[in-house]
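A structural walkthrough
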Amino acid sequence: MKKILLLILVCSLSSTALAQGEVTGAKHSVATNSFWANWFVQANVVGSSFWSSQEHQSVKLDELFKDYRTNLGFSLAVGKWFTPGLALRTKFNGLWGRTVVFESKELNASKYWTLQEQMLFNLSNMLMGYNEHRTWNVIPYFGGGVGHGVSYHTYVLGYSIGVLNTFRITPKLAFNIDINYGSYDASFDGFSGGTDTKLSLKGRDRIINAEVGITYRLGKSSWKSSADLDAAQALAQSEIDALNAQLEDLMAENDRLNQELENAQQPAPAPQEPVTITQLAAAPVSVFFDLNKAVIASQRDLQNVADLVAMAKQQGAKILVTGYADSETGSADRNRQLSQQRAEAVADEIVKMGFPREQIEAVAAGGVDTLSPTAYNRRATVEIKK
């Protein structure tokens, strides 16, 4: 038992270390998905080694592959991820086993099945942050349930522990390697006592499984990043403050010009030099988007855009809309396409505000990393064109 636990622990730690070297990136929180999202089904071919309670010795590696204690079977499971790091699954395992009381695979042949509820922990997501493109996920688990010795009509309770490794093939399909250990009451295999008086009559029936198969995700299988609203609001507030400062300057300039006009009025006005009023451009306003989306994340951002559009109408100026994407995700071509779509989305909203489309220039800046955190770069800026 101790060797099996040690083996599972070593597999878990070594796999986690390798997976850590595979993917880098900032951690971020995710939004909770609906109940019907993030379900999965699994099917595996299972190689099993059976250890009877009649055997007084602990599990030994040199005994693990004896033909009188090994057999092939299969497992089926269905489960759901409630967060990127936590899941529950119901797992069936069977069907051809060994009751190890003789050193003969024919005499030991039996049938059985187990049904367990298990809790899974995705250490890769829990330790390194969620990443839907990660190739290798390391998932320790434990659980409990019922075992049925079909050949001997027995029902017992048992528990299991193991490590599931999944290797991403497509967004919905993954390859499984699952190593696990199960322990059941001594009567599971139909024999609660020993066949040799020298052997211990106390103990449990044990099963060591190595499983290989596939996982298929049903419906929505990814997790949406939750927006950092506080950070976005802080950035928007700084832009509002800059806009207010520009408006105050414009009002002060207007008052000065009015005063000059009053002072210049004379009974016999002399020719005056033309007065040129310099138009002030407002600070750029940002409109934010979610990861890989060209749909405006919050309609509140458009309130600031409306103020800037009103100023552009007053000045008879043109508007420049520049779209951006974050350079940490997606290819350069995809980011340029996405940034153009974001610019066009904001331009469409400005047209709805009554501003002529021919006076709007929408350009793409592609992927950038000028702002921190990364989510700030998923935006479009609106400014009065100089």
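Reference entry: report on the structure contained in this document. Think of each chain on its own: its residues are numbered from 1, step by step along the sequence as written. pLDDT decides what is reported in this predicted model: residues at 70 or higher carry local features, side-chain atom pairs at 80 or more are listed and counted, and totals for whole chains, interfaces and linings draw on all residues regardless. Side-chain measures here rest on the full set of heavy atoms in the structure, leaving out hydrogens and waters.

Examining the side chain of Asn377
In DSSP terms, a helix is any run of H or I states spanning at least four residues, a strand is any run of E spanning at least two, and both are numbered starting from the N terminus. Here Asn377 lies in the loop between strand S11 (360-368) and strand S12 (379-384). For Asn377, a relative accessible area of 2% puts it in the buried group. A polar contact of 2.9 Å, which involves the side chain of Asn377, links it to the backbone nitrogen of Leu371. Residue contacts follow a heavy-atom distance rule, with two residues in contact if any of their heavy atoms lie within 4.5 Å. In this structure, Asn377 is in contact with Tyr324, Ala325, Asp326, Val368, Asp369, Thr370 and Leu371, ignoring residues within four places of it in sequence. The buried label applies to any residue whose accessible area, calculated with a 1.4 Å probe on protein chains only, is under 20% of its type's maximum; exposed applies above 50%, and partly exposed to all values in between. Under the rule applied, a polar contact is a pair of N or O atoms within 3.5 Å (in protein, one hydrogen donor and one hydrogen acceptor; residues adjacent in sequence only if both atoms are side-chain atoms).

A look at the sheet that holds strand S10 (residues 319-326)
Strands are treated as partners if at least two bridges between them are detected by DSSP. The mixed open sheet is built from four strands, whose spatial order is S9-S12-S10-S11. Only two strands of the sheet have a single partner each, and these edge strands are strand S9 (285-288) and S11. If you compare each strand with its neighbour and ignore which way they point, the axes differ by 20° on average. Sheet topology note: the S10/S12 ladder contains five bridges and is antiparallel. Residue Leu320 lies in a different strand from S12, and its bridge partner there is Glu383. What counts as an axis is a line fitted to C-alpha atoms, over the stretch in contact for a helix, and the angles between N-to-C directions run from 0 to 180 degrees.

Focus on unusual backbone geometry
The omega torsion of the bond from Gly94 to Leu95 falls at 20°, within 30 degrees of zero and hence cis. Here Leu95 shows up in strand S3 (residues 86-98). Phi at His153 takes a positive value of approximately 55°, unusual for a residue other than glycine. Relative to the elements of secondary structure, His153 occurs in the loop between strand S5 (136-149) and strand S6 (154-168).

With respect to the pairing of strand S4 (residues 109-121)
Side chains Ser110, Tyr112, Thr114, Gln116, Gln118 and Leu120 project from S4 onto a buried face, and the interleaved Ala109, Lys111, Trp113, Leu115, Glu117, Met119 and Phe121 project onto a face without burial. Where S3 lies against S4, 13 bridges are found, and the strand directions are antiparallel. Bridging from a neighbouring strand, Leu86 pairs with Phe121 of S4. Summarising the sheet, S4 and S5 pair through nine bridges and their orientation is antiparallel. Bridged to Trp113 within S5 is His148.

A short note on the side chain of Thr374
The topology assignment puts Thr374 in the loop between S11 and S12. Side chain to side chain, Thr374 and Glu328 meet in a polar contact 3.2 Å long. Among residues more than four places away in sequence, those in contact with Thr374 are Asp326 and Glu328.

Considerations on helix H5 (residues 301-315)
To estimate the expected span of a helix, subtract one from its residue number and multiply by 1.5 Å. For H5, spanning 15 residues, the distance from its first C-alpha to its last is 22 Å, which sits close to the expected 21 Å at 1.5 Å a residue. Once H5 ends, the next one or two residues include Gly316, with phi positive near 70°.

Observations concerning the packing of aromatic side chains
Within 6.5 Å between ring centres, the rings of Phe, Tyr and Trp (the latter by its six-membered ring) count as paired, and their orientation is classed by plane angle as stacked under 30 degrees, edge-to-face over 60, tilted in between. Inspection of every chain in the model, using the stated rule, returns 15 aromatic pairs. The interplanar angle of 85° and the centroid separation of 5.4 Å between the aromatic rings of Phe50 and Tyr112 together place this pair among those described as edge-to-face. Of this pair, Phe50 sits in strand S1 (residues 39-51) while Tyr112 is found in strand S4, placing the two residues 62 residues apart along the sequence. Taking the relative accessible area as the measure of exposure, Tyr112 reaches 5% and is therefore buried. Pairwise contacts between aromatic rings join Phe74, Phe92, Trp96, Trp113 and Tyr155 into one cluster. Placement of a positive charge over a ring is assigned whenever Lys NZ or Arg CZ falls within 6 Å of the ring centre and within 35 degrees of the normal to the ring plane. Here the guanidinium or amino end of Arg89 rests over the ring plane of Tyr141, the centre of that ring lying 4.6 Å away. It is Arg379 that lies over the ring of Tyr324; its NZ or CZ is 5.4 Å from the centre.

The values reported here are purely geometric and, on their own, carry no functional implication.
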